[in-house]
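Now for the letters of each chain:
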Amino acid sequence: MSIKQNYETAKQQYEKWGVSVEDALEKLKQIPISIHCWQGDDIGGFEVDQQELSGGIDVTGDYPGKATNPEQLRNDLEQALALIPGQHKINLHAIYAETEGEIVDRDALEPKHFTNWVEWAKQQRVGLDFNPTFFSHPKAADGLTLAHPDPAIRAFWIRHCIQSRKISEYFGKELGQTSLNNIWVPDGYKDIPSDRLTPRQRLKESLDEILAGDIDDSLSVDAVESKLFGIGSEAYVVGSHEFYMGYALKNNILCLLDSGHYHPTEMVSNKISSLLLFQDKLALHVSRPVRWDSDHVVILDDELREIGLEIVRNDALDKVMIGLDFFDASINRVAAWTIGTRNMIKALLYALLMPNDYLKQLQEEGNFTERLALFEEFKTYPFGAIWDYYCQEMGVPVQEQWLDPVKTYEKEILSQRDS
Ligand code: RNT
Ligand code: ZN
């Protein structure tokens, strides 16, 4: 049977439940996923005076072929984009600036250092998101940035973040898509603090200074990303969930929820509906924590499906900015992007194909037996046939066929790199 025939048969099964498969695919096409550039080079960046990765995050593995310059990274991203259905965004960090061999410190970065990225994004028809980089820098060496007790260090990072907002605004203007400027700082302490309040007061004041500048919010919006712990900040993180949730609500900026940044049984999927009752928008870093914030490649597991379901059934496709955040250097990096992003899209498709209204009704009626029965039966509905058809229609490889171009690319390009 052809992919189309399989699709037609599968479609009938979903339609039996009143699910319009065509509408689902139409909606799916419109959902941009923000693909993080840093999977391609293990969060190295291209600063002239490149520093070792710091900030309590770590990338493990030494798979050959990582990108060592912007052209390579863009080529690798192009290869991944060719294997992923839909129009997406690329998420950059400040360390991916291009300064033509000149040392430009973070507080002096400007939109002009990202013109190559913007030109490339136009060609690829992708949007761009941005992140100030508060790690891998001598002024972040003691693990404190915006909450640093030294006013000069704080001022440096405030300037950096002010410049970052301008860069994000420039992305929005050039590419016609609102750019997300996401603020994550590693600030925290390894051991039990004697004062939890003062650093948080300083972080709050620093953010106030940063956000005082006027940015056109149709071009760029800000988000703050909380965290529970990091390597070297096990006992205390200044920017905790409560801190940023309070800050974001009060200042009308976005909360960014990273699925690796909570207690192991605390799920991001369970937070989306609550936050959306109090704010119009929120942002995600979809990741996969394995025992800790390990940032494994996203797989189609229960939590990913649940995140997809919460976005779809709460009618929040326009409200949730979906970004990815994982970094695995033990496998082919182009494959890592492809697997993780295709999985995110699969989770959304899975959610779009559920009879969500009927399932809600069952719950209201207290019919938990049928609710559970249907959840389980839909797991073995012919979802794969719809997904395959979608990939074919969108002009990307069907099923595992995407592995062949990745293998060829590895043989011809990646394995020739000396990194
Ligand atoms: C770190 C945060 C942060 C980073 C990226 C590189 O724990 O998740 O989002 O992963 O900014
Ligand atoms: Zn993150």
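Here we summarise the structure given alongside this text. (Residues numbered from 1 in each chain as written. Chains lettered and ligands numbered in written order. Predicted model: local features only at pLDDT ≥ 70, side-chain atom pairs only at ≥ 80, totals over all residues. Heavy atoms only, no water.)

### Regarding empty space enclosed by the protein
Counting across every chain of the model gives two cavities of 30 Å³ or more. Here the largest cavity defines a volume of roughly 170 Å³. Around the largest cavity, the lining is made up of 18 residues, and of these Ile-57, His-93, Trp-184, Glu-225 and Asp-325 lie nearest the centre. In this structure, the second largest cavity occupies an estimated 30 Å³ of space. Lining of the second largest cavity is provided by Gly-40, Pro-64, Gly-65, Lys-66, Ala-67, Asp-76, Asn-332, Arg-333, Val-334 and Leu-414. (1 Å grid on protein atoms, 1.4 Å probe; cavity = no way out; pocket = protein on both sides within 12 Å on 5 of 7 lines; lining within 4 Å. Points joined across faces, edges and corners; volume = space filled by probe spheres on them.)

### Comments concerning the pairing of strand S2 (residues 89–93)
If a strand is regular, its side chains alternate between the two faces of the sheet. With five of five residues buried, S2 is to be regarded as a mostly interior element. Taking every second residue as pointing to the same face, both faces of S2 are buried, with Lys-89, Asn-91 and His-93 on one and Ile-90 and Leu-92 on the other. Where strand S1 (residues 33–36) lies against S2, three bridges are found, and the strand directions are parallel. In the strand pairing of S2, His-36 is matched with Asn-91. With helix H3 (residues 70–81) bridging S1 and the parallel S2, this β-α-β connection has right-handed handedness. Handedness of the S2-helix H4 (residues 115–124)-strand S3 (residues 127–131) crossover: right-handed. (Buried < 20%, exposed > 50% of the residue type's maximum accessible area, 1.4 Å probe, protein only. Helix = DSSP H or I, 4+ residues; strand = E, 2+ residues; numbered from the N terminus. Pairing = 2+ DSSP bridges. Right-handed = clockwise from strand over helix to strand, strands pointing away.)

### A closer look at the packing of aromatic side chains
Scanning the entire structure with this criterion turns up 20 aromatic pairs. Taking the centre distance of 5.9 Å and the plane angle of 15° together, the rings of Tyr-189 and Tyr-236 count as stacked. Residue Tyr-189 is located in strand S5 (residues 188–189), and its partner Tyr-236 is located in strand S7 (residues 236–237); the two are separated by 47 residues in the primary sequence. Take Tyr-189: its relative accessible area is 30%, and that puts it in the partly exposed class. The buried category is assigned to Tyr-236, whose relative accessible area is 2%. Centre to centre, the rings of Trp-387 and Tyr-390 are 6.3 Å apart; their planes meet at 35°, and the pair counts as tilted. Highlighted residues: Trp-387 and Tyr-390, both in helix H13 (residues 383–393), separated by three residues, approximately one helical turn. Given the relative accessible area of 2%, Tyr-390 is considered buried. (Phe/Tyr/Trp six-rings, centres within 6.5 Å; stacked < 30°, edge-to-face > 60°.)

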